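An overview of the molecular structure
Next come the chains, spelled out residue by residue.
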Amino acid sequence: MTEAVVIGVGLHPFGRFPGKPALDMGADAVRLALADAGVDWPQVQGGYIGSYEVANPDAIVGRLGLTGIPLRGVFNGCATAGTAVALAARAIETGEHDLTIAIGLDKHPRGAFAADPSVAGIPSWYGQTGLFLTTHFFGMKINRYMHDHGISHETLARVASKNFRNAAGNEKAWRRTPLSPEEILASPVLNHPLRQFMYCGPNEGAAALVLCRADQAHKYTATPVRIRATALRSRRLGAFEVQSPSFPVGEPVASPTVDASREAYERAGIGPEDVDVAQLQDTDAGSEIIHMAENGLCKDGEQERLVAEGATEIGGRLPVNTDGGLLGNGEPIGASGLRQIHEIVLQLRGAAGSRQIPGTPRVGYTHLYGAPGASAVTILST
Amino acid sequence: MTTTQPVAEGLFTWPPTGSAPLRLIGSECTACGLVSFPASPDCVRCASTESKERLLSDRGTLWTYTTQNFRPPSPPYDGPRAFEPYSVGYVELPELLVEARLTEPDPEKLRIGQHMLLTLVPYTVRDDGTEVVTFAFAPAEDPAESEQETP
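Numbering of residues starts from 1 in every chain and runs along the sequence as written. Chain labels run from A onward and ligand labels from 1 onward, assigned in the order the entries are written. This being a predicted model, a pLDDT of at least 70 is required before a residue's local features are given, and a value of 80 or more before pairs of side-chain atoms are given or counted; all residues contribute to the totals for chains, interfaces and linings. The side-chain numbers reported here are obtained from all heavy atoms of the structure, hydrogens and water having been left aside.

Another point: the interface of chain B and chain A. When checking whether two residues touch, look at their non-hydrogen atoms; a contact exists if any pair is within 4.5 Å. The interface is formed by 44 residues belonging to chain B together with 33 residues belonging to chain A. Put simply, a salt bridge is a Lys or Arg side-chain nitrogen that is within 4 Å of an Asp or Glu carboxyl oxygen. One can count 0 salt bridges joining chain B with chain A. Within 3.5 Å is the distance limit for a polar contact, defined as a pair of N or O atoms, with the added protein rule that one can donate a hydrogen and the other accept it, and that residues adjacent in sequence qualify only through two side-chain atoms. Here chain B and chain A share 20 residue pairs in polar contact (both at pLDDT 80 or more) between them. At the level of secondary structure, the elements contributing two or more residues to the side of chain B that touches chain A comprise β5 (59–68), β6 (86–92), β7 (96–102) and β9 (131–139) of chain B. Secondary structure counts use DSSP, requiring at least four H or I residues in a row for a helix and at least two E residues in a row for a strand, with both numbered from the N terminus.

Now for the UniProt feature "domain: ChsH2 C-terminal OB-fold" (unreviewed entry) in chain B. Here the UniProt feature "domain: ChsH2 C-terminal OB-fold" (unreviewed entry) sits at residues 54–116 of chain B. When the span residues 54–116 of chain B is considered, its composition is 0% helix and 44% strand, and the gap between its end C-alpha atoms is 20 Å. UniProt positions are given in the numbering used here, feature names are shortened, and annotations may be inferred rather than shown by experiment.

When the centres of two rings from Phe, Tyr and Trp lie within 6.5 Å, Trp using its six-membered ring, the rings pair. Their planes under 30 degrees apart give stacked, over 60 give edge-to-face, and anything left gives tilted. This model, assessed by the stated rule, comprises 19 aromatic pairs over all chains. With 6.3 Å between their ring centres and 75° between their planes, Phe12(B) and Trp14(B) make a pair best called edge-to-face. With relative accessibility at 33%, the residue Trp14(B) sits in the partly exposed group. Seen in terms of ring centroids, Phe37(B) and Phe135(B) are 5.6 Å apart; in terms of plane orientation they differ by 90°. Their pairing is edge-to-face. In this pair, Phe37(B) is assigned in the loop between β3 (35–36) and β4 (51–55) and Phe135(B) in strand β9, connecting sequence segments 98 residues apart. Each member of the pair, Phe37(B) together with Phe135(B), is buried. Members of the aromatic cluster, connected to one another through ring pairs, are Trp125(A), Tyr126(A), Phe132(A), Phe12(B), Trp14(B), Phe37(B) and Phe135(B). Charge-over-ring contacts are defined here by two conditions on Lys NZ or Arg CZ: a distance within 6 Å of the ring centre and an angle within 35 degrees of the ring normal. Positioned over the ring face of Trp174(A) is Arg175(A), at 3.8 Å from the centre of the ring. For Arg101(B), the ring lying beneath its charged end belongs to Tyr86(B), and the centroid distance is 3.8 Å. Partly exposed residues are those whose accessible area sits between 20% and 50% of the maximum for their type, while under 20% is buried and over 50% is exposed, using a 1.4 Å probe and protein chains only.

Looking now at helix α8 (residues 256–268) of chain A. Residues and elements named next belong to chain A. Working rule for helices: expected span equals 1.5 Å times residues minus one. With 13 residues, α8 should cover 18 Å at 1.5 Å per step; its first-to-last C-alpha distance of 18 Å lies within 8% of that length. Every buried residue of α8 is accounted for by Pro256, Thr257, Val258, Asp259, Ala260, Ser261, Ala264, Tyr265 and Ala268. Check the buried side of α8 and you find it contacts β8 (225–234), α9 (285–294), β11 (363–370) and β12 (374–381). Of the residues one or two after α8, Gly269 is the one with positive phi, at around 65°.

Residue and element names in this part refer to chain B. Note on placement: Pro41 falls in the loop between β3 and β4. C-alpha of Pro41 to C-alpha of Glu53: the two residues are 12 residues apart in sequence and 9.6 Å apart in space. Leave out the neighbours within four places in its chain, and Pro41 touches Ser48, Thr49, Glu50 and Ser51.

Turning our eyes to something else, we now look at the UniProt feature "domain: Thiolase C-terminal" (unreviewed entry) in chain A. Per the UniProt record, the feature "domain: Thiolase C-terminal" (unreviewed entry) sits at residues 254–379 of chain A. Taken end to end, residues 254–379 of chain A comprises 41% helix and 13% strand; its first and last C-alpha atoms sit 20 Å apart.

With that out of the way, let us pick up the pattern of salt bridges. Residues and elements named next belong to chain A. A full pass over the atoms with the stated rule returns 22 salt bridges over all chains. A salt bridge links Lys107 to Glu204; the shortest N-O distance between them is 2.8 Å. Remark: Glu204 occurs in strand β7 (residues 204–213) and Lys107 occurs in strand β4 (residues 99–107); sequence separation between them is 97 residues. We note a salt bridge from Arg267 to Glu263, for which the minimum N-O separation is 3.0 Å. Placement of the pair is Arg267 and Glu263 together in helix α8, with a separation of 4 residues, close to one helical turn.

With that settled, consider the packing of helix α5 (residues 134–149) of chain A against α9(A). Residue and element names in this part refer to chain A. For every element, the axis is a line fit to its C-alpha atoms; helices are fit only across the contacting stretch, and the angle between N-to-C directions ranges from 0 to 180 degrees. Their axes nearest at 9 Å, the elements α5 and α9 cross at an angle of 60°. Regarding the angle of α5 to α9, the classification is oblique. The two elements α5 and α9 meet at a crossing, and its hand is left-handed. Packed against α5, whose contacting residues are Phe138, Lys141, Ile142 and Tyr145, the element α9 presents Gly286, Ser287, Ile289, Ile290, Ala293 and Glu294 at the interface. Three categories are distinguished: nonpolar for Ala, Val, Leu, Ile, Met, Phe, Trp, Tyr, Cys and Pro, charged for Asp, Glu, Lys and Arg, and polar for the others, with Gly belonging to the last. The residue makeup of the contact of α5 with α9, split by class, is 6 nonpolar, 2 polar and 2 charged. Note on terminology: angles under 35 degrees are roughly parallel, angles over 145 are roughly antiparallel, angles of 65 to 115 are roughly perpendicular, and the others are oblique. Rotating anticlockwise by less than a right angle from the far helix to the near helix defines a left-handed crossing, while the corresponding clockwise rotation defines a right-handed one.

Next comes the structure, spelled out in structure tokens:
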């Protein structure tokens, strides 16, 4: 099977851009990715594009050039970008195309996602009575996790502080003001035990990747980044998942993150011990802590010590969310996962500037999780 | 005259009486026995589309919880405009774990593993004065408090 490699990455800054349409942000990201790859738009043979707010993201061809290529729209909530890159890679692996593109763009208003529960197949009373808030799930999951595995409030604050500090060194990040753990612990509680500065916010941005056949990569770049595995999994019966009015009693069932992670490691022939840098879904500080274990990067409860030791800092032995993650960048959900891969590609190229991790990183890992219980993992390597 | 209505039909026994006390109304798959709440004809274990009503136990233990410290976006939330923080949690019943509002808003007074009892709370009042009730769980150590809970 032919392998797909990333030869170009492009990122429109994440933040708020009044008056700038999402499609224009997407077009900017695509042009950056094409320039990075040394490719012109007419060379792109097909692609996948994801968005929540834009009903016809494929209309971006009206900005880029009407070449007639198949540009397919995809959506899997917060895991949307994982689907876009997976299918763009698959088109190369199966021989359908030699050169493809994965694009994500979004433009969420403040307070986005205040939908009726019917969008998730749940009756109206769930929303009327104030239960239909995804933030409840994150508060309840980390509350239980702290109880079971001895994670402290201070560790939550240290994780958030790290991500804002990393964002401060990233000119394309949104929340670039460093916050100390003490300042974070002084912010108001939104959903016990999570506080205002422990949550990411929905915002705006776009990202794009150009992919080609590994055996043709030399025509474009000396530093291709291999897509070793992609996986998308949905929740299984018995897992504790977002937007669930109930779930069965009995033995705990693993989250879709665990399932996607195991599948991706197996496909890649790479283990968690090989990962040099990881971008994990930090919807909130607790999520990053839980996702470290769910992605196999540590055991449950080890996070307390690892975070205290600085292991997940840029200079640590397992850097996590080196570009600031969702906490520092916000979450335009169509683009969020491609932003993660953009960061991994820069790190594996050794081109991440002031936030470059030391040594010669070879393996990068990205992870997405969101409603209604879906997770996507992508493993990349030099 | 103040009238009281349930937030939805078929969610819990209404009105609760001595012979038909307050219970959540779930369903049981007639093929594999999986219990669901709210009641659903579709079984997510065996994919059967046949089910029968199953009333759930009114007692359980608190599995996890959180608080809601800001007024949720409205719609879909239709609680009072003057917002009072509330808490929510999952209560482990013998049949399943159910998500519900909790009568105790203070997280310092909640504890994973504590006993909980099903109750009703008037979570909002309509413009015409109709009180709307939904189900909730109250800490069972202090049953007197759970009887008189107000939003």
